[in-house]
Amino acid sequence: GCYQLNESSQSDPEDPDTSSSSAGSSRCGELRLHMIPTPSTSKTEMQFGDAACVLQMESGVLDGKWKRRRKNNQIEGAVEHDVEIPLFASACASGSIHIHGLEKNMPTDSTTDTTSWSLNHLASTDGQSDIGLCLALAWNDYLNESEDQIVSSYSNGEVAIHQVSYHGDTNKAPKLEETHRWNAHTLFGCPSEVWTCSFLRGAENVVLSGADDCSMKIWDIRQTQRPVHKAGDTEFEAGVTAISSHPSLDNIFAVGSYDEHVRLYDYRKMAEPLSKVSVGGGVWRIKWHPSTWSGESSCRGKLLVAAMHGGCRIVNFPSLDGGMEEYTAEEADVLSKFTAHESMAYGADWISFGSPELEAAASCSFYDRKAFIWE
């Protein structure tokens, strides 16, 4: 996802047509799809190359997350089979959320075997001028196959839940409907930017949020008048910017902050974090190792961190690597760092082809508009 502030299009207070414009009117953005072929021998073969697809968005893209959704009983000839369509949800400066599907294009030339891919728009929320920028979102990856949810957070201090419904047929475009919205964070009596949000594995109806008010809050979406728990006054020294639930371990989640630390928490023991590690810069994005989705124990504690002016780090929480159900406080390790970015590293994710020999990280920075693939 890309974002650019167009200073030349700033609103003119003397012009009523621009002074009342939406939060995304001076921001433009796009989605760029890069397909990285499976390397034949070495991870050094991994290259971004040209974008396979570029979509112009109505405003800057501030966050985006993938999710797989199975399409049931699609008929091809006389054979029934299931295929998975990866879905991508994006959070935009206009306040809108968009869902696109990754689909293979039908070949236009029968003489070539080249496969092309595209992102096809499937659903969007209605843009509202008074809800501020949509800063972050997360899929609920812990529901059954018949439903989906997205949690999103906003610059006006609010958090919202959206139901993604498929009308009983996942072959059709989904419908995106807001079901909950509440005021979640304030600072000195004013709305505070909610930089991050997440669902929590193993805790139904629980949502986590983090904001510029230096706090992380836990919510029960059935009762949002006040949080179930708040951590902030003595724990965080700056805004809370990234929260991610562990993909395969119930109740475990990581929290990143502008205070240059990543903390590991157990929802059942919130008095203090299980672990805390310095990453050399303010944290903006955190990503668990992809093998954690399958429950593989050897990498269950491994986390990729985009640490803004500090570059990127790969850290490991050793207490998660075993088969224990109770996790004790233990020092985390910084396994590697990447500092080639000449600007703040704002995004990072893993590239994996199923084996450690064919595994790398990708990261991007904001002001210099660069993206890297690194080990």
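Residues numbered from 1 in each chain as written. Predicted model: local features only at pLDDT ≥ 70, side-chain atom pairs only at ≥ 80, totals over all residues. Heavy atoms only, no water.

(A) Spatial organisation of the confidence of the model for the protein chain. Per-residue confidence for the protein chain gives a mean pLDDT of 86, with 84% of residues at or over 70. When the criterion is pLDDT under 50, residues 9-25 qualifies, and its contacts beyond four places in sequence or with other chains add up to 18 contacts. For the stretch residues 70-81, pLDDT sits under 50, and the model shows 23 contacts to residues farther than four places along the chain or on other chains. (pLDDT = per-residue confidence, 0-100. Contact = heavy atoms within 4.5 Å.)

(B) Expanded view of the nonpolar core. Ranked by internal contacts, the top residues of the largest apolar core, which has 19 residues, are Val262, Val279, Ile286, Leu303, Val305 and Phe317. When contributions to this core are tallied by element, the ones reaching two or more residues are β19 (252-257), β20 (261-266), β22 (285-288) and β23 (302-306). Excluding anything up to four places from it in sequence, leucine 303 contacts Ala254, Val262, Ile286, Lys287, Trp288, Arg313, Ile314, Val315, Phe317 and Trp350. One finds Ala91, Ile97, Ile99 and Tyr166 within the second-largest nonpolar core, a separate group that totals 17 residues. (Core = buried A, V, L, I, M, F, W, Y, C linked by side-chain atoms within 4.5 Å. Buried < 20%, exposed > 50% of the residue type's maximum accessible area, 1.4 Å probe, protein only. Helix = DSSP H or I, 4+ residues; strand = E, 2+ residues; numbered from the N terminus.)

(C) The arrangement of the pairing of strand β16 (residues 216-220) in detail. β16 sits mainly inside the fold: five of its five residues count as buried. Because side chains alternate across β16, one face comprises the buried residues Met216, Ile218 and Asp220, and the other comprises Lys217 and Trp219, equally buried. Where strand β15 (residues 206-211) lies against β16, five bridges are found, and the strand directions are antiparallel. The residue of β16 that forms the bridge with valine 206 is aspartate 220. Here β15 folds back onto β16 in antiparallel fashion, the turn holding four residues, of which cysteine 214 has a positive phi close to 65 degrees. Pairing of β16 with strand β17 (residues 229-231) involves three bridges; the strand directions are antiparallel. Residue pairing for β17: lysine 217 is matched across the bridge by lysine 230. (Pairing = 2+ DSSP bridges.)

(D) Structural view of the pattern of salt bridges. Evaluated as defined, the whole model comprises 13 salt bridges. With a closest N to O distance of 2.9 Å, aspartate 259 and arginine 263 form a salt bridge. One exposure class covers both aspartate 259 and arginine 263, and it is buried. Linked by salt bridges that have partners in common, Asp63, Lys65 and Arg285 make up one network. (Salt bridge = Lys/Arg side-chain N within 4 Å of Asp/Glu carboxyl O.)

(E) Spotlight on the side chain of serine 248. The topology assignment puts serine 248 in the loop between β18 (240-245) and β19. Relative accessible area serves as the criterion here: at 15%, serine 248 is assigned to the buried category.

(F) Local environment of the sheet that holds strand β1 (residues 2-5). Sheet architecture is open: three strands sit in the order β1-β2-β3, paired in antiparallel fashion. On the outer flanks of this sheet lie β1 and β3 (53-57), each paired with one strand and no other. Put simply, the sheet's adjacent strands are angled 20 degrees from each other on average, direction ignored. Here four bridges tie β1 to strand β2 (residues 27-33), and the two strands are oriented antiparallel to one another. Counted as the bridge partner of glutamine 4 is cysteine 28 from β2. (Axes fitted to C-alpha atoms, helices over the stretch in contact; angles between N-to-C directions.)

(G) Summary view of the sheet that holds strand β11 (residues 175-183). Spatially, four strands are ordered β8-β9-β10-β11 in an open sheet, and the strand pairing comes out antiparallel. The two strands at the open ends of the sheet, each matched to only one other strand, are β8 (134-139) and β11. Looking at each pair of strands side by side, their axes are set apart by 20 degrees on average, direction ignored. As paired strands, strand β9 (residues 148-154) and strand β10 (residues 158-165) are joined by six bridges and run antiparallel to one another. Looking at β10, one finds that serine 153 is bridged to valine 159.

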